[in-house]
Amino acid sequence: EGGGGGSNQPTWNLVQSYTMNNGLPISHASSGYNATMFWQNRDPRFDASIAYNGGVWPLSNKAGRKQWSYVGVLDESASTIVTGFYCKRITNPNLAASQALYNSNTGGGSGMDWVEFRFAELVMNLAECANETNRLAEAKDMVRNIRKRAGIIQGSFDYGLDVAVDAASMRSLILEERRVEFAMEGKRYWDLRRTRNLNMLTARQSLRYTPKPPYYAGTGTVAGRIYLDKPDAFGVKPRDTANLNNPAVLSAMFTSAVASLEGSNVISIPDRYYFYPLPNIFNQSSYVMAQTIGWAGGTFDPLQ
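A. Focus on the pairing of strand E7 (residues 205–211). Extensive coverage of E7 is indicated by the burial of five of its seven residues. The sheet contact formed by E7 and strand E10 (residues 254–260) spans seven bridges and is antiparallel. Each bridged residue has a counterpart across the sheet, and for Gln205 the counterpart in E10 is Ser260.

Set out below in structure tokens:
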């Protein structure tokens, strides 16, 4: 509605990284995760961050408005729905569509400031330092505060922290906690780089829904078909009255498919990428500065 171009969208990979509302990862046997209705009972930050097909997102201050991203939906152009999800972070849903438009000459947009460093990051930094200096209980205290603030329930697993039993497992938990706490804030790449975990970058994935006969996208007139985008005499579209939290309704209306966004490309990040090379200008202007090892002609080892 605001002329978006379909960038900065959450991937299916990110969607899966959110824990359940008890703090347990979706892979845990006691998490209660429902793979079909993946949005149910998740970490509250999930619903505050991820707009998914059929999820409530009151943009333009429209109470109860649902976001749709199924294949063929008329509200969005095909090029704007890349992953099947939209980012709710750093948005102001109270603005009218006309107010949300941004112009480089006159301004506009949400009017929200970009926050480079939040208090939550300070707390997470302390948790990481505590864990790396053999203070597991202190590290858990810090993450527990973050999860309490986020609205995660204590449950039977101490806000999900019971899965961390040593420094190594707590290190992994902290990295994933940072992933969701700072989602779409530009922190993930640097976290993986400084911890030498760039190998965790995998093919980006989408999750798209396709209407299932007798349901169809659009506003056609073929008898026997239910067109999800076509309003009735009262202006109500069939999709907006559907309860997708009912598995029978969901399975009757849509099929879903996960797909890679990489095409034939394969993600490969050599270890030498952890340390940048010197631009050629340094080699041309000085015979004293050696190139970083791993790059052409490199002899300098930054770890020595």
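B. Here's a closer look at the layout of surface pockets. For the second largest pocket, the calculated volume is near 830 Å³. Among the elements of the structure, helix H1 (12–17), helix H6 (167–181) and helix H7 (188–194) are those that each provide at least two residues to the lining of the second largest pocket. When residues of the lining of the second largest pocket are assigned to their parent elements, the largest contribution, four residues, is made by H7. Within the lining of the second largest pocket, the residues separate by chemical class into 12 nonpolar, nine polar and eight charged.

C. Inspection of the nonpolar core at higher detail. Counting residues in each nonpolar core, the largest one holds 29 residues, and the members touching the most others are Phe38, Trp39, Phe46, Phe85, Tyr209, Leu244 and Phe254. Elements with a minimum of two residues in this core: H1, strand E1 (50–51), E7 and helix H8 (247–253). When residues of this core are assigned to their parent elements, the largest contribution, three residues, is made by H1. Beyond its immediate stretch of four places on either side in the chain, Phe38 contacts Trp12, Val15, Tyr33, Phe46, Tyr52, Phe85, Leu207 and Tyr209. In this structure, Ala120, Ala127, Ala139 and Ile146 belong to the second largest nonpolar core, which totals 15 residues.

D. Up close: helix H4 (residues 119–132). Taking 1.5 Å per residue, 14 residues should reach 20 Å; H4 reaches 20 Å between its end C-alpha atoms and fits that length. Regarding H4, the residues found buried are Ala120, Glu121, Val123, Met124, Ala127, Glu128, Ala130 and Asn131. Looking at the buried side of H4, the elements it contacts are helix H5 (136–150), H6 and H7. Asn134 sits one or two positions beyond H4 and adopts a positive phi of about 65 degrees.

E. Main features of the packing of H4 against H6. Following both chains from N to C, one finds H4 and H6 inclined at 170 degrees, their axes separated by 10 Å at the closest point. Relative to H6, the element H4 is oriented roughly antiparallel. Contacts between H4 and H6 involve Ala120, Glu121, Met124, Asn125, Ala127, Glu128, Asn131 and Glu132 from the first element and Ala167, Met170, Arg171, Ile174, Glu177, Arg178 and Glu181 from the second. Taken together, the residues of the contact of H4 with H6 break down into six nonpolar, two polar and seven charged.

F. A look at the packing of H4 against H5. Viewed as axis vectors pointing N to C, H4 and H5 meet at an angle of 155 degrees, and their least axial separation amounts to 7 Å. Taken together, the axes of H4 and H5 are roughly antiparallel relative to one another. At the point where H4 passes H5, the crossing takes the left-handed sense. Only Leu136, Glu138, Ala139, Met142, Val143, Ile146 and Arg149 of H5 make contact with H4, whose side of the interface consists of Ala120, Val123, Met124, Leu126, Ala127, Ala130 and Asn131.

G. Main features of the packing of aromatic side chains. Enumeration over the complete set of coordinates arrives at 16 aromatic pairs. Ring geometry for Phe38 against Tyr52: centres 6.1 Å apart, planes inclined by 65 degrees, an arrangement best described as edge-to-face. One end of the pair, Phe38, is in the loop between H1 and helix H2 (44–49); the other, Tyr52, is in the loop between E1 and strand E2 (55–56), with 14 residues separating them in the sequence. Each member of the pair Phe38 and Tyr52 is classed as buried. Taken together, the aromatic side chains of Trp12, Tyr18, Phe38, Trp39, Phe46, Tyr52 and Phe85 make up a single cluster linked through ring pairs. Over the ring of Phe46 we find Arg42, and its NZ or CZ is 4.9 Å from the ring centre. Taking NZ or CZ as reference, Arg225 lies 4.0 Å from the ring centre of Tyr216, over its face.

H. Structural context of H5. For H5, with 15 residues, the first-to-last C-alpha span of 21 Å sits near the 21 Å given by 1.5 Å per residue. Within H5 the residues assigned to the buried category are Ala139, Lys140, Met142, Val143, Arg144, Ile146, Arg147 and Ala150. Considering only its buried residues, H5 is in contact with H2, H4 and H6. The positive-phi residue at the C-terminal boundary of H5 is Gly151, with phi of around 100 degrees.

I. The arrangement of the pattern of salt bridges in detail. Per the counting criterion, the structure on display carries 26 salt bridges. A salt bridge links Arg147 to Glu177, with the shortest nitrogen-to-oxygen separation between them at 2.8 Å. Within this pair, whereas Arg147 is found in helix H5, its partner Glu177 is found in helix H6, the two being separated by 30 residues in sequence. Here Arg147 and Glu177 have matching classes, each one buried. Through salt bridges that share partners, Asp43, Arg45, Arg89, Arg118, Arg147, Arg149, Glu177, Glu181 and Glu185 make up one connected network.

What counts, and where the lines are drawn
Residues numbered from 1 in each chain as written. Predicted model: local features only at pLDDT ≥ 70, side-chain atom pairs only at ≥ 80, totals over all residues. Heavy atoms only, no water. Buried < 20%, exposed > 50% of the residue type's maximum accessible area, 1.4 Å probe, protein only. Helix = DSSP H or I, 4+ residues; strand = E, 2+ residues; numbered from the N terminus. Pairing = 2+ DSSP bridges. 1 Å grid on protein atoms, 1.4 Å probe; cavity = no way out; pocket = protein on both sides within 12 Å on 5 of 7 lines; lining within 4 Å. Points joined across faces, edges and corners; volume = space filled by probe spheres on them. Nonpolar A, V, L, I, M, F, W, Y, C, P; charged D, E, K, R; others polar. Core = buried A, V, L, I, M, F, W, Y, C linked by side-chain atoms within 4.5 Å. Contact = heavy atoms within 4.5 Å. Expected span 1.5 Å × (residues − 1). Axes fitted to C-alpha atoms, helices over the stretch in contact; angles between N-to-C directions. Parallel < 35°, antiparallel > 145°, perpendicular 65-115°, else oblique. Left-handed = near helix turned anticlockwise from the far one by under 90°. Phe/Tyr/Trp six-rings, centres within 6.5 Å; stacked < 30°, edge-to-face > 60°. Lys NZ or Arg CZ within 6 Å of the ring centre and 35° of its normal. Salt bridge = Lys/Arg side-chain N within 4 Å of Asp/Glu carboxyl O.

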